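Structural overview for review
Residue strings, one per chain:
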Amino acid sequence: MTNVPSWQDTSYGSKVRVARWLVEVVGEGNLFTKTAMREAFPGVAQIDRRMRDLREAGWVIDTNREDPILNSNEHRFVAEGEPVWLPGRGKARPKSTLTATQRSETMRSDSYLCRSCGVGAGESFESGPGTAQLEIARRQVKLADGSTETQLVTECNRCRVGNRGSEADLTELLRRVDTLGPVERKALAQWMEADHRTYSILEKLWGTYRSLPADARGAVKQAVCGESQ
Ligand SMILES: [Zn+2]
């Protein structure tokens with residue numbers, strides 16, 4: 001490739017150099033520590049900030065906020081963004097930062113809950129350490145007319161990592177809704193109205209049955225399925 005500077009080329013600015021350092025030294029998908037980064041750029045002021053500035057150019061660099069596996073000194077270089085070393089590139093794209101209004105509107109519409117796992121801000125996760133932080137994620141949504149648009153959704157710091165890059169397909173979802181019988185469709189409508197899943201008598205019975213000891217399950221199964229089962 002031409003016009004790609006080395007990270008050690010001090011004729012470039014520190015944002016370009018830290019971008020090249022990530023690509024050449026760290027490598028996409030790998031962890032690095034703040035300590036290692038500072039050691040690579042001795043005497044460069046605010047190298048942390050220059051590294052964070054890359055996010056505005058589409059670079060994905062996780063902290064322990066996005067990825068709870070990381071400790072507070074670690075980052076993960078998830079994905080390369082725009083080639084900030086090319087002339088005229090690397091300026092922040094105007095639409096890349098959400099406004100305070102967009103953030104608060106999205107949180108309010110989503111009832112201040114992670115739409116993937118249902119956790120609220122500051123609540124403990126069901127498993128593992130840490131408490132949830134709610135963030136706004138961009139989700140590609142394929143609309144019923146076939147076009148795709150970016151919509152905003154509230155997710156916790158865990159789910160956001162897992163859902164990165166996923167796309168919602170409304171055409172497929174609506175096609176599957178169409179296959180539901182009237183009883184299922186009515187149940188789904190009730191959950192949607194309540195924005196909460198309620199359990200039918202069938203599911204409650206199943207839940208109780210499933211947790212029984214084997215002998216007790218056998219007795220119930222015989223009563224329901226009959227001797228021939
Ligand atoms: Zn979540």
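Residues numbered from 1 in each chain as written. Predicted model: local features only at pLDDT ≥ 70, side-chain atom pairs only at ≥ 80, totals over all residues. Heavy atoms only, no water.

1. A look at the overall build of the chain
Of regular secondary structure, the chain possesses nine helices and six strands. By the compact-globule yardstick of 17 Å for 229 residues, the chain is too spread out, its C-alpha radius of gyration being 25 Å. Every one of the 229 residues in the chain was classed for burial, and the buried ones make up 26%. Counting only contacts in the chain whose residues sit at least 6 apart along the sequence, the fraction spanning at least 24 positions is 52%. Within the structure as shown, the chain displays about 15,000 Å² of accessible surface, and the carbon and sulfur contribution to it stands at 52%. A gap of 3 Å separates the mean positions of the 33 positive and 31 negative side-chain charges of the chain. (Helix = DSSP H or I, 4+ residues; strand = E, 2+ residues; numbered from the N terminus. Rg over C-alpha atoms; globule rule 2.2 N^0.38 Å. Buried < 20%, exposed > 50% of the residue type's maximum accessible area, 1.4 Å probe, protein only. Contact = heavy atoms within 4.5 Å. Areas by Shrake-Rupley, 256 points an atom, 1.4 Å probe, with all protein chains shown as cover. Lys, Arg positive; Asp, Glu negative; His and termini not counted. Charge placed at Lys NZ, Arg CZ, Asp CG, Glu CD.)

2. Thoughts on the nonpolar core
The biggest cluster of nonpolar side chains holds 20 residues, and the ones touching the most others in it are Trp-21, Leu-22, Phe-32 and Trp-59. Sequence-distant contacts of Trp-59, defined by excluding residues within four places in its chain, comprise Ala-19, Leu-22, Val-23, Leu-54, Phe-77, Ala-79, Glu-80, Gly-81, Glu-82, Val-84 and Trp-85. Judged by nonpolar contacts, the second largest core, of ten residues, contains Met-107, Val-119, Ala-132 and Ile-136. (Core = buried A, V, L, I, M, F, W, Y, C linked by side-chain atoms within 4.5 Å.)

3. With respect to the coordination of the zinc ion
Bound to the zinc ion on the protein side are Cys-114 (SG), Cys-117 (SG), Cys-156 (SG) and Cys-159 (SG), at distances that span 2.3 Å. Here the zinc ion is ringed by four donor atoms whose angles at the metal span 103 to 114°, and the overall shape comes out tetrahedral. Sequence positions of the donors to the zinc ion reduce to the motif C-x2-C-x38-C-x2-C. Cys-114 gets classed as buried once you look at its relative accessible area, which sits at 2%. Classification of Cys-117 by relative accessible area gives partly exposed; the value is 44%. (Donors = N, O, S within 2.8 Å, 3.2 Å for Na, K, Ca; no water. Tetrahedral: all angles 85-135°; square planar, octahedral: opposite > 155°, others 65-115°.)

4. Details of the domain arrangement of the chain
Per the domain assignment, the segments of the chain are domain 1 (14–95), domain 2 (98–169) and domain 3 (199–225). Domain 2 and domain 3 are separated by 36 Å when their C-alpha centres are compared. (Domains from an automatic or database assignment.)

5. Some thoughts on the packing of aromatic side chains
Taken as a whole, this structure holds six aromatic pairs when the rule is applied. With 5.6 Å between their ring centres and 90° between their planes, Trp-21 and Phe-32 make a pair best called edge-to-face. Here Trp-21 is found in helix α1 (residues 14–26), whereas its partner Phe-32 is found in strand β1 (residues 31–33), with eleven residues between them in sequence. For the pair Trp-21 and Phe-32, one class covers both residues: buried. Judged by centre distance (5.7 Å) and plane angle (20°), the ring pair of Trp-59 and Phe-77 falls under stacked. Remark: Phe-77 occurs in strand β3 (residues 74–79) and Trp-59 occurs in the loop between α3 (47–53) and β2 (60–62); sequence separation between them is 18 residues. The class for Trp-59 is buried, based on a relative accessible area of 2%. On the basis of relative accessibility, which here comes to 1%, the residue Phe-77 falls in the buried class. Members of the aromatic cluster, joined through ring pairs, are Trp-7, Trp-21, Phe-32 and Phe-41. Directly above the aromatic system of Phe-125 lies the positively charged group of Arg-158, at a separation of 4.0 Å from the ring centroid. (Phe/Tyr/Trp six-rings, centres within 6.5 Å; stacked < 30°, edge-to-face > 60°. Lys NZ or Arg CZ within 6 Å of the ring centre and 35° of its normal.)

6. Brief notes about the side chain of Asn-157
For Asn-157, the location among the structural elements is in helix α5 (residues 157–163). Looking at Asn-157, the relative accessible area reads 4%, which means it is buried.

7. As for the sheet that holds strand β6 (residues 167–169)
Read across the sheet, three strands follow the order β5-β4-β6 without closing on themselves; strand pairing throughout is mixed. Two strands in the sheet have a free side with no partner beyond their single neighbour: β5 (148–156) and β6. On average, adjacent strands in this sheet sit at an angle of 40° to one another, irrespective of strand direction. The pairing of strand β4 (residues 134–142) with β6 spans three bridges and is parallel. The residue of β6 that forms the bridge with Lys-142 is Asp-169. Contacts from helix α6 (residues 170–178) reach β4 and β6 within the one sheet, and its direction differs from that of β6 by about 40°. (Pairing = 2+ DSSP bridges. Axes fitted to C-alpha atoms, helices over the stretch in contact; angles between N-to-C directions.)

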